[in-house]
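Take a look at the letters that make up each chain.
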Amino acid sequence: MVAVTEVGPRVADPPGQPAGRGRRLVPVLLVVGWLVGVAWRMWSSRHVPLPIAHTDEDSYLHTARALAGGPGGFSSENGPLRRVGYPLLISPAFLGERDFTDSYRLVQLINAVLNATVLPLAYLLVRRLVPVSRAVALAAAAVAATLPATVFYAGVAMIDAVLAPLVLAWLLAVHHWVRRPGPLAATGVGALVGVFHLLHSRGLVIVGVHAGLVLLLLLRRRISPAQVLAAVLPVLALALLNEAVIRLLGDRVYLLGDPPGGGTVRAVASGPGLLRVGAAVATQLWYLVVITFGLAGVAWAGAVRLLLRRPAALSSTPASALSSAPAPAPVPVPVPVSAPAPAPVLASAPAATTVGTSVAAGSAADDAATRWTVGVAVVTSVGVAAGASVILAGITGKPLDAIYGRYVQMLAPFWLLVGVVMLVTATPRVRWRRAAVAAAVLLAGATLIAARLAWVAGRGHELRYGGFGAPDLMALTGGWREFRPFTGAAVGLAGCLLLVAAVRSPRLRVPVLAALVVVNIGTMQVITDRLVRPMVAATAPTPRVADLGVRPGDRVWASLGVQWVLRFNLSHQVTWADVRWFVDNPPADADVVLVRWAPGEPDDWDGTRYGFVRLGGNPAQHWAAWRRR
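Quick summary incoming for the structure in this document. (Residues numbered from 1 in each chain as written. Predicted model: local features only at pLDDT ≥ 70, side-chain atom pairs only at ≥ 80, totals over all residues. Heavy atoms only, no water.)

**A short note on the overall build of the protein chain**
Put simply, the test is: Helix numbering and strand numbering both begin at the N terminus, where a helix is a DSSP run of H or I of at least 4 residues and a strand a DSSP run of E of at least 2. Partly exposed describes any residue whose relative accessible area lies between the buried limit of under 20% and the exposed limit of over 50%, with all areas from a 1.4 Å probe on protein chains only and scaled to the type maximum. Residue contacts are defined here by distance: any two heavy atoms, one from each residue, within 4.5 Å place the two residues in contact. Only the protein chains shown count as cover for residues, and the accessible areas themselves come from Shrake-Rupley with a 1.4 Å probe.
Across its full length, the protein chain holds 22 helices and 7 strands. Evaluated residue by residue, the protein chain yields a buried proportion of 51% over its 629 residues. Residue pairs at least 24 apart in sequence account for 77% of intrachain contacts in the protein chain once pairs closer than 6 positions are excluded. Only carbon and sulfur atoms are counted for the fraction: they give 66% of the accessible area of the protein chain, which is about 27,900 Å².

**Comments concerning the environment of Val-519**
Structurally, the position occupied by Val-519 is in helix H21 (residues 506-539). In sequence terms Val-519 and Leu-147 are 372 residues apart; their C-alpha atoms lie 9.0 Å from each other.

**With respect to the packing of aromatic side chains**
Given two aromatic rings, their pairing is described by the distance between the two centres and the angle made by the two planes. How we decide: Ring pairs shown here join Phe, Tyr and Trp side chains whose ring centres sit within 6.5 Å, with only the six-membered ring taken for Trp; geometry is labelled stacked below 30 degrees between planes, edge-to-face above 60, and tilted in between.
Here the structure, examined in full by the defined rule, presents 18 aromatic pairs. Judged by centre distance (5.7 Å) and plane angle (75°), the ring pair of Trp-564 and Phe-568 falls under edge-to-face. Here Trp-564 pairs with Phe-568, and both are found in helix H22 (residues 564-572), just 4 residues apart, close to one helical turn. Arranged with centres 5.9 Å apart and planes meeting at 25°, the rings of Phe-568 and Trp-581 form a pair that is stacked. Here Trp-581 lies in strand E4 (residues 580-582) and Phe-568 lies in helix H22, a separation of 13 residues in the sequence. Owing to a relative accessible area of 7%, Phe-568 belongs among the buried residues under this scheme. A residue is classified by how much of its surface remains accessible, and Trp-581, at 30% relative accessible area, is partly exposed. Every member of this aromatic cluster is reached through a ring pair, and the members are Phe-74, Trp-564, Phe-568 and Trp-581.

**Quick look at a nonpolar patch on the surface**
The test is simple: Residues forming no salt bridge and having over 30% relative accessible area are the ones grouped into patches, like charges within 9 Å of each other and nonpolar side chains (Val, Leu, Ile, Met, Phe, Trp, Tyr) within 5 Å. What counts as a salt bridge is simple: a side-chain nitrogen of Lys or Arg found within 4 Å of a carboxyl oxygen of Asp or Glu.
A surface patch of nonpolar side chains, amounting to about 410 Å² of accessible area, comprises Leu-25, Val-28, Leu-29, Val-32 and Val-36. Its location among the elements puts Leu-29 in helix H1 (residues 19-44).

**Description of the pairing of strand E3 (residues 556-559)**
Put simply, the rule reads: Should DSSP find at least two bridges between two strands, the strands are taken to pair. Here, the term right-handed applies to a crossover whose path from the first strand over the helix to the second runs clockwise when the strands point away from the viewer.
Of the pairings in the sheet, the one linking E3 to strand E5 (residues 592-595) comprises 3 bridges and is parallel in character. Bridging across to E5, Ala-558 finds its partner in Leu-594. Across 3 bridges, E3 lies against E4 in parallel orientation. Residue pairing in the sheet places Trp-557 in a bridge with Arg-580 of E4. Once you follow E3 into H22 and on to E4, the crossover reads as right-handed.

**Describing helix H5 (residues 118-129)**
Here is the rule: In a helix, the anticipated span is given by 1.5 Å times the number of residues less one.
Over its 12 residues, H5 extends 16 Å from the first C-alpha to the last, a length consistent with the 16 Å expected when each residue adds 1.5 Å. Among all positions of H5, only Val-118, Leu-119, Leu-121, Ala-122, Tyr-123, Leu-125, Val-126 and Leu-129 are buried.

**Things to note about the sheet that holds E5**
Condition: Note on method: axes are straight lines fitted to C-alpha atoms, helices fitted across the in-contact stretch only, with angles between N-to-C directions ranging 0 to 180 degrees.
The 5 strands lie next to each other as E4-E3-E5-E7-E6, forming an open sheet whose pairing is mixed. The strands lining the two open edges of the sheet, one partner per strand, are E4 and strand E6 (612-618). Strand-to-strand twist in this sheet, taken as the mean axis angle between neighbours without regard to direction, amounts to 30°.

**Observations concerning the nonpolar core**
Definition in use: Residues belong to one nonpolar core when they are buried, are Ala, Val, Leu, Ile, Met, Phe, Trp, Tyr or Cys, and are joined through side-chain atoms within 4.5 Å.
Ranked by size, the top nonpolar core spans 156 residues in total, and within it Trp-170, Trp-177, Trp-286, Trp-415, Leu-417 and Leu-513 carry the most contacts. Of the residues forming this core, the biggest block, 14 residues, is contributed by helix H8 (residues 160-179). In this structure Trp-415 touches Leu-288, Leu-295, Ala-296, Ala-299, Trp-300, Val-374, Ala-377, Val-378 and Ser-381, once residues within four positions along its chain are discounted.

**What to know about the pairing of E5**
The side chains of a regular strand alternate between both faces of the sheet. Alternating positions in E5 separate into two faces, Val-592 and Leu-594 on one and Val-593 and Val-595 on the other, with burial throughout. Pairing of E5 with strand E7 (residues 623-628), which is carried by 4 bridges, proceeds in the antiparallel orientation. By the bridge assignment for E7, Val-593 is matched with Trp-626.

**Examining the pattern of salt bridges**
Where side chains of opposite charge bring their charged atoms close, a pairing between them can arise. Summed over all chains, the structure comprises 14 salt bridges. Among the salt bridges present, the one from Glu-482 reaches Arg-484, with a minimum N-O distance of 3.4 Å. The partner of Asp-591 in a salt bridge is Arg-555, and the shortest N-O contact between them spans 3.1 Å. In this pair, Asp-591 is assigned in the loop between E4 and E5 and Arg-555 in the loop between H21 and E3, connecting sequence segments 36 residues apart. Look at Arg-555 and you get partly exposed, because its relative accessible area is 45%. It is possible to trace a salt-bridge network through shared partners that takes in Asp-56, Asp-160, Arg-202 and Arg-406.

**Remarks on unusual backbone geometry**
Along the chain, His-54 connects to Thr-55 via a cis peptide bond; the corresponding omega equals 10°. Its location among the elements puts Thr-55 in the loop between H1 and helix H2 (56-67). In this structure, Arg-221 takes a positive phi of about 60° despite not being glycine. Structurally, Arg-221 is set in the loop between helix H10 (203-219) and helix H11 (225-249). Non-glycine residue His-622 carries a positive phi angle of around 65°.

**Points about the packing of H5 against H8**
To keep things clear, this is the line we draw: The labels follow the angle: roughly parallel below 35 degrees, roughly antiparallel above 145, roughly perpendicular from 65 to 115, and oblique for the rest. Two helices that cross are described as forming a left-handed crossing if the nearer one is turned anticlockwise from the farther one by less than a right angle, and a right-handed crossing if clockwise. In this classification, the charged set is Asp, Glu, Lys and Arg, the nonpolar set is Ala, Val, Leu, Ile, Met, Phe, Trp, Tyr, Cys and Pro, and all remaining amino acids, among them Gly, are polar.
Relative orientation of the contacting elements H5 and H8 amounts to 30°, with a least axis distance of 9 Å. Between H5 and H8, the angle falls in the class roughly parallel. For the crossing formed where H5 meets H8, the hand is left-handed. Every residue of H8 that contacts H5 at Val-118, Leu-121, Ala-122, Leu-124, Leu-125, Arg-128 and Leu-129 is listed here: Ala-164, Pro-165, Leu-168, Ala-169, Leu-171, Leu-172, His-175 and His-176. Residues of the contact of H5 with H8, tallied by class, amount to 12 nonpolar, 2 polar and 1 charged.

**Considerations on the environment of Trp-372**
One can find Trp-372 in helix H16 (residues 349-393). Owing to a relative accessible area of 16%, Trp-372 belongs among the buried residues under this scheme. Expressed as a C-alpha distance, the spacing of Trp-372 and Arg-179, which sit 193 residues apart in the sequence, is 9.6 Å. Setting aside residues up to four positions removed in sequence, Trp-372 forms contacts with Val-178, Leu-213, Leu-216, Leu-217, Arg-220 and Arg-222.

Keep in mind these numbers describe shape, not what the thing actually does.
What follows is the structure, encoded as structure tokens:
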């Protein structure tokens, strides 16, 4: 993972415990940890019976319902960036006839089952990158699996719930492919990249990185043309599957999003535009350092050193160095009893040299695989941050975001794990150098963000700052209403210094990592209490439409006068039909309409003029259901 001159003594499993027993215990702990993780995620989402992340959730849920054979609905996606992978994944939740809340709980369960696999994947990745002790690897994996950036979206119908484990699985597969090239390994990497493309438009960045990786490996003669095909064909197959499913859906799911085009080009095709995009990219990368307690910064410092240093190679070892090594003691070779007794046969010295060369070759292969994997992760991180910033800059109908960390959150577990490895395997001097780099990133980023906020405010504008931009950062800094960059830098710096000081003692490594797990769980609880539950209270309409007598078979329409979030969640409860919208006059075929109820106000809808009778509703939420007489 790092240069030999920077690495302290090799970290081994603690003595006193048989190696075989430890190997048998680890799978049990991983399975139990995964089950506990699923249960914790479901418990954390118990307060969310209806979508709160509009309109993304609505789009996925409508498409999933249509794929399961039910009615369709709208999607806020646009044609070029439309993906059906996540709706395909959650579509079983809509099979059969059940209440929407029950289907939504099944979606949360699917999310939890997949999201919790971060734990075993993180453990395997740490042990593959550098075989640190099993205890440290388990503790680091637990920290990664409980990061709010990993867990938060498991409670809602959002694609982000499954992207963090997918990133770990992909990079683990890349490491294995580079270390042991072969058609099967190439197919596995290609299939995971294809899944990325099938799931979200962020997959376009992954596909680009994958294409570059395949090309470089081919030019370096590390893979054969057959492996190139094995790595590319799964991506093409899953891209075709996406298009086939879209055609199968037809117009049952109709798109409301605008394709990226001239607005995106104009937003970045100027000096100020490029500065805005650069500031957004820097903010997202800074955010990763904060929420990983400085470990992402430590990881990047080590990654740069790892990628710039000259790779180890057997050919660089002089022959004289091998020949000058002391010759091993002769080893008798057994002779069959039936053969005539010859003179004693001894193993020759070159055999020992061959063994040493084989070990060195394995080490060189591991080192190369780690370098390639880390390089892929670096390019992906910058590419995703830049791609997201460009796309968001092109949405001119809304103010720009002060921070929008959702797109890079999937990379947080990987960089946290690499940061732990970079600290545990380094010498004390190197640890402090890497911590200094992380501190510089934190402080420089906070200064840049503060300057950007002040510059925008000085011109009478305001950057958007919302709960889904960076919920974990809000909780860690207490910045529920305002962005606090220097508080975030202080949080990241304090965590980083604590970790650097603690890893000097092998006895403190696991307890300190366990403390970070507690911090993560506490942060999630704060997010639930301060952010999620208020959102649910504000967006969950009461009473339910079923309690008002709206029943399967009714043709239901909704007025644009109903606040849009309430209108969407009311419509979800109509599981048997796609609820369309009208402005004022109800359609002639409407049996039930959901309209604005605002007693004493000019826009209060009076259904008696159209032959309707009010079933009930909630005047405090300004909505009512009316049935045609």
